[in-house]
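Geometric and topological summary
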Amino acid sequence: MPLLSLPSHPPQVDKEVWCQGRGLLQVPSVLSRDIEVLNLSRNQLRSILALPLGFYTALRHLDLSANEISFLQPGVFQALPHLEHLNLAHNHLAVGTALNTGGLGPLPHLTSLDLSGNSLYSGLVEQLLGEAPALRTLSLAENSLTRLGRRTFLSTPALERLDLHSNVLMDIEDGAFEALPRLVHLNLSRNSLTCISDFSLQQLRVLDLSCNSIEAFQTAEPRAEYQLAWLDLRENKLLHFPDLSALPRLIYLNASNNLIRLPAEPPRGGAEGLHAPSEGWSSLPLSNPSRNASTQPLSQLLNLDLSYNEIELVPEGFLEPLTSLRSLNLSRNCLRAFEAQPGSLPCLTLLDISHNALETLELGARALGSLRTLLLQDNALRDLPLYTFTSLASLQRLNLQGNRLSPCGGPAEPGPSGCVAFSGISSLRVLNLADNEMEILQAGAFLHTPLAELDLSSNPGLDVAPGALAGLEGSLEVLALQGNGLAVLQVDLPCFSCLKRLNLAENRLSRLPAWTQAVSLEVLDLRNNSFSLLPGSAMGGLENSLRRLYLQGNPLSCCGNGWLAAQLHQGRVDVDATQDLICRFGSQEEVSLSHVRPEDCEKGGLKNINLIIILTFAVVSAILLTTLATCCCVRRQKFSQQYKA
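Residues numbered from 1 in each chain as written. Predicted model: local features only at pLDDT ≥ 70, side-chain atom pairs only at ≥ 80, totals over all residues. Heavy atoms only, no water.

- As recorded in an unreviewed UniProt entry, the protein chain goes by Transforming growth factor beta activator LRRC32 and comes from Bos mutus grunniens.
- For the record of the protein chain, the UniProt heading Sequence similarities (unreviewed entry) holds the text "Belongs to the LRRC32/LRRC33 family." (UniProt positions renumbered as here; feature names shortened; annotations may be inferred.)

**Quick look at the pattern of salt bridges**
- Here the structure, examined in full by the defined rule, presents 13 salt bridges.
- The shortest N-O distance in the salt bridge between R150 and E178 comes to 3.5 Å. Here the residue R150 occupies a position in the loop between β10 (147-148) and β11 (161-163), and E178 occupies one in the loop between β12 (171-172) and β13 (185-187), the gap between them amounting to 28 residues.
- Overall, the relative accessible area of 42% leaves R150 in the partly exposed class.
- With a relative accessible area of 58%, E178 lands in the exposed category.
- Between E310 and R261 there is a salt bridge whose closest N-O contact spans 3.2 Å. Highlighted residues: E310 in the loop between β19 (303-305) and β20 (327-329) and R261 in the loop between β18 (252-254) and α3 (270-274), separated in sequence by 49 residues.
- Residue classification places E310 among the partly exposed residues on the basis of a relative accessible area of 27%.
- R261 sits in the partly exposed class, given a relative accessible area of 47%.
- Connected through shared salt-bridge partners, R147, D171 and E173 make up one network. (Salt bridge = Lys/Arg side-chain N within 4 Å of Asp/Glu carboxyl O. Helix = DSSP H or I, 4+ residues; strand = E, 2+ residues; numbered from the N terminus. Buried < 20%, exposed > 50% of the residue type's maximum accessible area, 1.4 Å probe, protein only.)

**Brief notes about the state of the cysteines**
- In total, this model carries two disulfides according to the counting rule given.
- C408 shares a disulfide with C419; S-S distance 1.9 Å. Judged by the sign of its S-S torsion, about 95 degrees, the cystine formed by C408 and C419 is right-handed. With C408 in the loop between β25 (397-399) and β26 (430-432) and C419 in the loop between β25 and β26, the pair connects residues that are eleven residues apart, well separated along the chain.
- There is a disulfide in this structure between C558 and C583, and the S-S distance comes to 2.1 Å. (Disulfide = S-S within 2.5 Å.)

**Considerations on the confidence of the model for the protein chain**
- Per-residue confidence for the protein chain averages 87 on the pLDDT scale, and 86% of its residues sit at or above 70.
- Scored below 50 in pLDDT, residues 1-5 shows ten contacts in the model against residues more than four places distant or in partner chains. (pLDDT = per-residue confidence, 0-100. Contact = heavy atoms within 4.5 Å.)

**Topic: the nonpolar core**
- Formed by 162 residues in total, the largest nonpolar core has its most connected members in F77, L115, L231, F389, F446 and L549.
- Where this core is concerned, the elements lending two or more residues are α2 (124-129), β14 (196-199), β21 (337-340), β23 (360-363) and α5 (562-570).
- Ranked by residue count, the leading element in this core is α2, at three residues.
- What F446 contacts, discounting residues up to four positions off in sequence, is F422, S423, L431, L433, L441, L451, L454, A468, L469, A470 and L472. (Core = buried A, V, L, I, M, F, W, Y, C linked by side-chain atoms within 4.5 Å.)

**Details of the pairing of β23**
- The alternating pattern of β23 places L361 and L363 on a buried face and T360 and E362 on a face that is not buried.
- In this structure, β21 lies alongside β23, joined through four bridges in parallel fashion. Directly across from A337, in β23, lies its bridge partner T360. (Pairing = 2+ DSSP bridges.)

What follows is the structure, encoded as structure tokens:
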């Protein structure tokens, strides 16, 4: 059988040979006998025979993935006594005769095996695996398995990592994993499981159950201490918060994209009521005084994601046990209120409550003491306590876009009713107040708050008072005032020495303050305004720093924009890179500014001068004729009077 595209000396480095994607029809026989790594992936192999593969007795790593293998000669891998890693992914092992020959045969030293993407179905895995007492990693992903039985993994007692994602598993028989006492990582994502009611793998540390149809999750022995640290339940059909009372070591929990609702209060009826699963209350991580702090439910949890659910409220006490939590995501739920009790969530650094229906936000004293990022965009916040955010001593990023909040002014400036203070927050660096229907930004609104990024966009009619950005001159790097309808800019921009990005698009501006000294501005967006001229006297200070300038949608004049034309011709500034910049010669048709030559404007100037001369001559001539006619008329009248006399 011919070999395709095989060079006389295949690539070999330190006993490693790489022959992937060469159109091979069989295992090459011309390789060095002492190779330890052989990659034959992405070829056209259909059968694996004992010879020539058996020549390479030193092989430790063999990659046969992405071929067309449907036949394995009995005992083909037994001739490789040192084989540790075998990749047979994406072949045709479930068809042809591969499974009628004793499968892979005994694999005494194999530690890693990939059988993913072979259309394997339930009952064939046991036949294919054979004895693999040292196997630690096994992938059966992307197959057609529908159930796991008690005998499925009897031949792999040392298994530590098992990947079963993207099958059609609907049933896992009791005891299916009992033969795997060392299993610590199990991936069951993208299957058809509907319920986990008897979870008993106490040694497991990572469990991925995402993208199933699970409606309930419950451990088999609530009093046992499980080792599970990472649990992924996203994209299921959970109706209640999962029962995690037996998982004190859990540090990561993702239950996003479910149907979870948290109960408003404990059910009545005493202890029996507390265990009614329909209420969904017994599964909540409420504190238990009989336990020490380290074994409280979720006391070691670092990351909790409950986004994309149907949560309308967070029950009192729900957050209290989460003393180690670093990240909490409650975005895209139905929350109308959020309250953090005094001293709660002491380690939390990220809180996302965006895209809810929040109307109230209450942060108790010393709550969220470590919080750095608070995401509250797209809610209905309107009237908050004056010092809601000033108490967050570590806050660095605050997103309030899409609410209805009004900033207060400085200490000496009376603010509008219901305003919120943003001055004196010494840790805050990024603030987004876009789309808040703000009417006025008063002087001193951000005093003693060293912001680096500030977004005030999409507040039509916003009145930016003089001194509104006072105190930010030495810290502000990004400023967005887009879409506010500003006709006059009452901000002394050249004083902001650190400013790098400035967005003034979609306003009514026609003039800019003069940058006469060198500054740091790199990006300037002036699209859709009323600029006709950008004189060099105003823009000269930007020549060394400016890298990108956006000007589309302005009535630019073709003449008088010498500075702008120079930037286009010299290529020092990227001006509207996506399309040509349009300008006008007076009232004439539009042309591309890059095509305008200095002599075009000079010709236009000469034409204007000639026109002025002609008009002047016409006016003078008219005056002279009028004077002459008047004189003639007067003389005629005198002559007539003398004649009559």
